[in-house]
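What follows is the residue order along each chain.
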Amino acid sequence: MHRKLLSAAVALTLAAGPFVHASAAPTRARAGAPASADTTTQLPRGVIPTHYKISLTPDAATASFGAHAVVSINVSKATNTITLNAADLKFSRVTLAPAAGGAEREALATVDADAQTATFTFAQPVAPGMYRLAMDYTGVIGTQAAGLFSLDYPGAGGKQERALYTQFENSDARRMIPSWDEPAYKASFALDVTVPDGQMAVSNMPAANTTPLPDGRKRVTFATTPKMSTYLLFFATGDFERAAAQVDGVDVGVVTRRGALPQARFALDASQAILREYNDYFGVRYPLPKLDNVAGTGRSQFFSAMENWGAIFTFEYALLLDPAISTQHDRQEIFATAAHEMAHQWFGDLVTMRWWDDLWLNEGFASWMESRTTARLHPEWNTQLGTVGTREVAMRRDSVAGTHPVVQHVETVEQANQAFDEITYSKGESVIRMLEAYVGENAWKNGVRAYMKAHAYGNTVSDDLWKQIEKAAGKPVTAIAHDFTLQPGVPLIQVGEPVCRDGNTTVPLTQAEFARDQPGKAPLAWRVPVIAQVAGNAKQATTLVSGGKGAVTVPGCGAVIVNAGQSGYYRTLYTSAGFARLAQQFSALAPIDQIGLLGDSSALGQAGLQPASSVLDLVQATPASADPAVWTRIAALLDGIHARYQEQAQGGDTTRQRRFAAFAIARLAPLMAQVGWNARPGEASTVANLREQLIVVLSDLGDAGLIAEARRRYAALATDANAVPGPLRKTVMGVVAQHADAAMWDQLHTAARNETTPLVRDQRYTLLAATQDRALALRALRLALTDEPGLTISAEMIAEVAMRYPDMAFDFAIANLAQINERVDASSRSRYLARLATGSSDPAMVNKLGAYAQANLAPTSRGDVEAAIAAIKDRIQVNAVRLPAIDAWLGENGRQVAGGLGAAQGQGGSASR
Ligand SMILES: [Zn+2]
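Residues numbered from 1 in each chain as written. Predicted model: local features only at pLDDT ≥ 70, side-chain atom pairs only at ≥ 80, totals over all residues. Heavy atoms only, no water.

Caption draft 1: Layout of the overall build of the chain. Secondary structure summary: the chain contains 28 helices and 31 strands in total. Expected size for 913 residues packed as a compact globule is a radius of gyration near 29 Å; at 28 Å, the chain falls within 12% of this value. For the chain, the spread of C-alpha atoms along the principal axes amounts to about 90 × 65 × 55 Å. Here the chain, with 913 residues, has 63% of them falling under the buried criterion. Nonlocal contacts in the chain, meaning residues at least 24 apart in sequence, comprise 72% of its contacts between residues at least 6 apart. Of the roughly 30600 Å² of accessible surface on the chain, 52% is carried by carbon and sulfur atoms. (Helix = DSSP H or I, 4+ residues; strand = E, 2+ residues; numbered from the N terminus. Rg over C-alpha atoms; globule rule 2.2 N^0.38 Å. Buried < 20%, exposed > 50% of the residue type's maximum accessible area, 1.4 Å probe, protein only. Contact = heavy atoms within 4.5 Å. Areas by Shrake-Rupley, 256 points an atom, 1.4 Å probe, with all protein chains shown as cover.)

Caption draft 2: Inspection of the pairing of strand 18 (residues 250-257) at higher detail. Summarising burial for strand 18: seven of the eight residues are buried, a large majority. Looking at chain direction, strand 17 (residues 240-247) and strand 18 are connected through eight bridges and run antiparallel. Looking at the pairing, Ala 243 lines up with Val 254 of strand 18. Hairpin connection, strand 17 to strand 18: the antiparallel pair is bridged by two residues, and Asp 248 has positive phi, about 45°. By the bridge criterion, five bridges tie strand 18 to strand 19 (residues 290-296) in an arrangement that is parallel. In the sheet register, Asp 251 faces strand 19, and the bridge partner there is Lys 290. (Pairing = 2+ DSSP bridges.)

Caption draft 3: Just helix 3 (residues 328-344), in detail. Helix length check: helix 3, at 17 residues, gives a terminal C-alpha distance of 25 Å against a target of 24 Å (1.5 Å per residue), a fit within 8%. In terms of burial, helix 3 is largely enclosed, as 15 of its 17 residues are buried. (Expected span 1.5 Å × (residues − 1).)

Caption draft 4: Here's a closer look at the pattern of salt bridges. The final tally for this structure, using the stated rule, is 41 salt bridges. Across the salt bridge formed by Arg 242 and Asp 251, the nearest N and O atoms sit 3.0 Å from each other. Across the salt bridge formed by Asp 600 and Arg 571, the nearest N and O atoms sit 2.8 Å from each other. You can see Asp 600 sitting in helix 12 (residues 591-606) and its partner Arg 571 sitting in strand 31 (residues 571-573), a full 29 residues away along the chain. (Salt bridge = Lys/Arg side-chain N within 4 Å of Asp/Glu carboxyl O.)

Caption draft 5: Just empty space enclosed by the protein, in detail. Enumeration according to the criterion identifies seven cavities of 30 Å³ or more in this entry. The computed volume of the second largest cavity comes to approximately 80 Å³. Taken together, Val 495, Gly 496, Glu 497, Pro 498, Val 507, Ala 559, Val 560, Tyr 574, Thr 575, Gly 578, Arg 581 and Leu 582 form the lining of the second largest cavity. With three residues, the top contributor of residues to the lining of the second largest cavity is helix 11 (residues 576-584). Looking at side-chain class alone, the lining of the second largest cavity contains seven nonpolar, three polar and two charged residues. (1 Å grid on protein atoms, 1.4 Å probe; cavity = no way out; pocket = protein on both sides within 12 Å on 5 of 7 lines; lining within 4 Å. Points joined across faces, edges and corners; volume = space filled by probe spheres on them. Nonpolar A, V, L, I, M, F, W, Y, C, P; charged D, E, K, R; others polar.)

Caption draft 6: Structural view of the sheet that holds strand 21 (residues 311-315). Pairing is mixed in the open sheet, where six strands are placed in the order 1-20-21-19-18-17. For this open sheet the edge positions go to strand 1 (2-3) and strand 17, each flanked by a neighbour on one side alone. Summarising the sheet, strand 20 (residues 303-306) and strand 21 pair through two bridges and their orientation is antiparallel. Bridged to Ala 305 within strand 21 is Thr 314. Against the sheet, helix 2 (residues 265-281) makes contact with strand 17 and strand 18, and its axis sits at roughly 155° relative to strand 18, the strand it touches most. (Axes fitted to C-alpha atoms, helices over the stretch in contact; angles between N-to-C directions.)

Caption draft 7: Representation of the coordination of the zinc ion within the structure. Taken together, the protein donors to the zinc ion comprise Met 1 (N), Met 1 (O), His 340 (NE2), His 344 (NE2) and Glu 363 (OE), at separations of 2.0 to 2.5 Å. Donor residues for the zinc ion sit on one chain with the sequence pattern M-x338-H-x3-H-x18-E. One end of the pair is His 340 and the other is His 344, both in helix 3 and four residues apart, which spans about a single turn. (Donors = N, O, S within 2.8 Å, 3.2 Å for Na, K, Ca; no water.)

Caption draft 8: Summary view of the pairing of strand 16 (residues 235-238). Neither face of strand 16 is exposed, since Phe 235 and Thr 237 on one face and Ala 236 and Gly 238 on the opposite face are all buried. Of the strand pairs in this sheet, strand 13 (residues 200-203) and strand 16 are connected by four bridges, and their pairing is antiparallel. Its bridge partner lying in strand 16, Ser 203 is registered against Phe 235.

Caption draft 9: Highlighting the packing of aromatic side chains. Tallying each qualifying case throughout the model produces 36 aromatic pairs. Consider the rings of Phe 149 and Phe 313, whose centres lie 6.3 Å apart with planes at 85°: the pair is edge-to-face. Linking Phe 149 in strand 10 (residues 147-154) with Phe 313 in strand 21, this pair joins segments that are 164 residues apart in sequence. With respect to burial, Phe 149 and Phe 313 carry one shared label: buried. Ring-pair connections join several aromatic residues into one group, and the members of that group are Phe 149, Tyr 165, Tyr 231, Phe 240, Phe 302, Phe 303, Phe 313, Phe 315, Trp 356, Phe 420 and Tyr 425. Seen from the ring of Tyr 317, Arg 299 lies directly overhead, with NZ or CZ sitting 3.9 Å from the centre. (Phe/Tyr/Trp six-rings, centres within 6.5 Å; stacked < 30°, edge-to-face > 60°. Lys NZ or Arg CZ within 6 Å of the ring centre and 35° of its normal.)

Okay, structure coming up:
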């Protein structure tokens, strides 16, 4: 599953480090334990399903379905009852018959709604053996992405259309199929569906045959799947179109609502290139006859795409490239999302974690593969620089109280939902990157190939992977992997004073722990692979810091950069002299090390291990000619600090905030002038991303010139459709929406209401919630709960308001909790409110969140709330204690840079260039 994508601006800002005003989904806090040999289960053992035959008849109009399922089961010990998973299903008849033939007997069905199970009781014990369990039942079609669900959208000619899809990870197959709904119960599936004749039906496998029925419907029977986990089954039907191409004998396709197919062209091309790459990398060819990517309108608060085997589902915003609004960043995200879901076709679908404890095996690996493949197949995008951002996201979460190990024990469905977090995805990815760098690219690949071959169609735990990697590498990697996956937290490598002798430099290294909000904490111990080099010298050296101490000797004399290439999962703390030397040499460092050093100094500054202003020393040392990706990161960092000042300014005194804004504008506006509003022919994609980022950040900073220019361009669109190029339209609309007055907001609202393209319409409604005007933000909240925006956009609008007004959004959600819960998918419900609140800097929010959790969440489901509380406390502390150092720095350095601070906002003036 691909985690929910954030808007480009937010995603870039999130990757910027700790001075950030709101965070992605926070996570659950729990002590970890390695996966045990006894797989966790919520079902009695003794019955194993081997094959499901399911006949499904959905009725989209009444949002219900009827079904007949026959499950082939193996009963290993005599029992009077059979218990499986079922949620919101009603059974009319359940029978059991020996597989070899013989008398059928009827069972009494009872359901346990809380446990999400159904139990079938027989008058006489069922003896061990093979049986067929037959069930007639009905269920409901939901409006959020869990189980079988519908998405409504305006179709051609304004007619309302309804399409149906399924979403089963992690535990929602049970909403459509009574099943042993746990990843280790792999079985084959034969699905047939009865749908309206004019619709297309899609599942994991191609249709084997289609039978027209006399009533204007048809029955589509799909070929039987290979053995797989229940959460990977998929079905969709609607007024769809499909385009396809052949790759290595596989029918690769994209499926969209009618009319949107041309916008899926880029995704189809991407899928072909990625499939070729993966057939090679994994050493095991993609095993199904076809691979579709099916687009759906709207959004989920949980995910953007899902790796159903042979039938990936992706929300349109992460699959379609609409020339009317899509940005360069969108294009990269579409590619990366496809690369992620396709990596799962092997890592997750062919080989599956045994239980949710090892979810990271799926998600960390797919995230790493996504980054690797995007950088490899699109080197011109320079996305490898983004890996530092991924690591920052993980470390920010991993360095405060309540983090958890990558491998963590999961018991309940809610805990499994909450396991889809930054630690599982981003730390998992970062740790893999470090280990790959340690053993070497080829050894890693060979280990992965051996793992695929050994466990195809099976289930694994983490140690199954380490075993194969260690064998391929001939190097002890399991111990390091355990240090980083079985215990939480971020190592801190302290770099001592360098000694230069005979042309080589030796630096002593000490391992501590970077625990931001626990200054006195006794450090955990890690074996840390460290790569270092002298700035400007291409030769690197590697060492393993073990037992808390080490040293590294690198060729050359000069400023030493530790974690060169930034593959290590740790923070680096230099002496103040060492840091000053690096700051002096900053422009000579590789862009990836510049970004790494910016992230470290920002985080260390926040923790009080370095002056909080040291990151600004690096900003000052960055030449205008630095890599655009470095400037993109700097813009995000400045935006994050500015957001902190904005929080402080809510008391009324805006002096400090305006002073910082003036400094940041003075630094960024000249870059905007250099980059320009209009793309130059053949410009690098990193420049396009920088342009987008600068517009967003200068808008946040209140740059009057930039805001005026965005308004001018937006107004010109009324008479000239080309006044704003497509890739910039969303960004320009974002500035206009952010600074809208009531009249403009009404105008934007009308435009949203009249919009007929679902993708653009969703975007427009979300923008209405991006206003910085408090009264208008409240109107956006109220609008979100009407029927107008559509059931899957409401939660997104409220989350958007929470980016600026977390307290207001949270209070509003609490006051309307029942309506909110209808508009958030079940998998996200226990975390959504915590996410709204997590950007708060109001001490009162701590108690409000606690009261909400007490009243609404089971004690085992409060991890996200605990994480949000830790984030809020941390923010309050940092704002109070660390911002003064930045004030002092601005007093000393700001004037010479900004050329006169304290004047009106927007003096940087980036208008009309
Ligand atoms: Zn995934």
